[in-house]
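Inside the fold
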Amino acid sequence: MAHSTGYTIGFAALVCVVCGVGIASAAVALADRQAENKKLDQQKQVLAVAGLMQAGESLSPDEVKKRFADNIKAEVVDLKTGVAAQGVDPAGFDQLKAQKDPAQSREAPANNAKVLRLPNNAKVYKVLKDGKVDTLILPIEGYGLWSTLYGFMAIDAKDANTVKGITFYQHGETPGLGGEVDNPKWKDLWPGRKIYGPGGQPQIAVVKGQAGPAASDPYRVDGLSGATITSNGVTNLVKFWFGADGFGPYIQHFKAAGGK
Ligand SMILES: Cc1cc2nc3c(=O)[nH]c(=O)nc-3n(C[C@H](O)[C@H](O)[C@H](O)COP(=O)(O)O)c2cc1C
């Protein structure tokens, strides 16, 4: 049976509306769960870079939340002054969102990490041991070859300089090349290295080729083979976030306050 043109168009439109409503409802209904999963994933990343969750360890969402709550204190800091931001609840603060909001961010000065905007406030994590700050975990981000890499760097609170770990939780670099930033063997080369050189400036760099052991070659990390551009990106982003426009003022303030 042949249908009229109007019937065909009307039927197609009805199918579009029904599907559209279905997709929109699913997106709205799942938004909370997505946000919750994102938060959980961040907590896992922070636990992992702090050495509080081993590679391959499987924890339920409740176990992740408990381990996080038992060991880690989040804090929102004013990037420019390095002092704790007043009246901002760390639980509800999303640094990446703030960075995109013109009211909560500013244009970044020209930089090699290709960070375009700086949030006024940033979220740092303190790992507590026996009531004292044992490790600082700071968010880092910057451009590699194809993408912005987002991650965390953990440093020893004793000197606010010795690396305890690095991780990237999101990037679009090529698997097997720049994507080797996720390789646990490469990440294992970081602990024990120093970020700041004797002059107080960030000195650590991912070099082309091999570096020596952390004790004798503290400012260099092996390059990723065939991925010098991503390697340079990691150097640039670490230098940026530990420099004067990133967490430099916060680290100064943290040290001046006696590592609290
Ligand atoms: C398909 C393709 C994907 C690539 N992906 C990356 C990458 O993710 N990161 C990177 O630094 N270089 C990547 N490269 C290589 C770069 O173009 C460049 O050759 C390399 O960074 C130079 O590093 P090398 O001096 O260690 O060889 C890729 C090349 C091709 C053809």
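Cut-offs and rules
- Residues numbered from 1 in each chain as written.
- Predicted model: local features only at pLDDT ≥ 70, side-chain atom pairs only at ≥ 80, totals over all residues.
- Heavy atoms only, no water.
- UniProt positions renumbered as here; feature names shortened; annotations may be inferred.
- Salt bridge = Lys/Arg side-chain N within 4 Å of Asp/Glu carboxyl O.
- Helix = DSSP H or I, 4+ residues; strand = E, 2+ residues; numbered from the N terminus.
- Buried < 20%, exposed > 50% of the residue type's maximum accessible area, 1.4 Å probe, protein only.
- Pairing = 2+ DSSP bridges.
- Axes fitted to C-alpha atoms, helices over the stretch in contact; angles between N-to-C directions.
- Contact = heavy atoms within 4.5 Å.
- Phe/Tyr/Trp six-rings, centres within 6.5 Å; stacked < 30°, edge-to-face > 60°.

The name an unreviewed UniProt entry gives the chain is Na(+)-translocating NADH-quinone reductase subunit C, with Nannocystis punicea as the organism. Recorded under Subcellular location (unreviewed entry), the UniProt text for the chain is reproduced unchanged: "Cell membrane". Here is the UniProt Catalytic activity (unreviewed entry) comment for the chain, exactly as written: "a ubiquinone + n Na(+)(in) + NADH + H(+) = a ubiquinol + n Na(+)(out) + NAD(+)".

This part is about the pattern of salt bridges. Taken as a whole and judged by the stated rule, the model has 10 salt bridges. One salt bridge in this structure joins Glu75 and Lys126, with 2.9 Å as the shortest N-O distance. With Glu75 in strand β1 (residues 72–78) and Lys126 in strand β4 (residues 121–129), this residue pair connects regions lying 51 residues apart in the sequence. Residue classification places Glu75 among the buried residues on the basis of a relative accessible area of 14%. Here Asp134 and Lys164 are joined by a salt bridge, their closest N and O atoms 2.9 Å apart.

For the rest of this paragraph, the subject is the sheet that holds β4. In any sheet, the strands associate via hydrogen bonds between backbone groups, in a parallel or an antiparallel arrangement. Pairing is antiparallel across the open sheet formed by five strands, whose spatial order is β1-β4-β5-β6-β7. Because the sheet does not close on itself, it has two edges, and the strands there are β1 and β7 (163–170). For this sheet, the mean angle separating the axes of adjacent strands, direction not counted, is 25°. Here β1 pairs with β4 via seven bridges, running antiparallel. Residue Ala74 lies in a different strand from β4, and its bridge partner there is Tyr125. Contacts between helix α1 (residues 5–49) and the sheet are confined to β1, β4, β5 (132–143), β6 (148–156) and β7, with β7 contributing the most and set at about 155° to the helix. Its contacts with the sheet put helix α5 (residues 228–241) on β5, β6 and β7, and the angle it makes with β5 is roughly 130°.

Let's shift gears to the packing of aromatic side chains. For the structure on display, the rule yields 11 aromatic pairs. Taken together, a centroid distance of 5.6 Å and an interplanar angle of 80° make the contact between Trp186 and Trp190 edge-to-face. Among the residues examined, Trp186 registers a relative accessible area of 6% and is labelled buried. Among the aromatic residues, ring-to-ring pairing joins Phe68, Tyr125, Tyr150, Phe152 and Tyr169 into one connected group.

Next up on the list: the pairing of β7. As a general feature of sheets, a regular strand has side chains that alternate between the two faces. Summarising the sheet, β6 and β7 pair through six bridges and their orientation is antiparallel. Note on β7: the bridge partner recorded for Phe152 is Thr167. Turn length for the β6-β7 hairpin, with the two strands adjacent in sequence and antiparallel, is six residues, and the turn residue Ala160 shows positive phi of about 50°.

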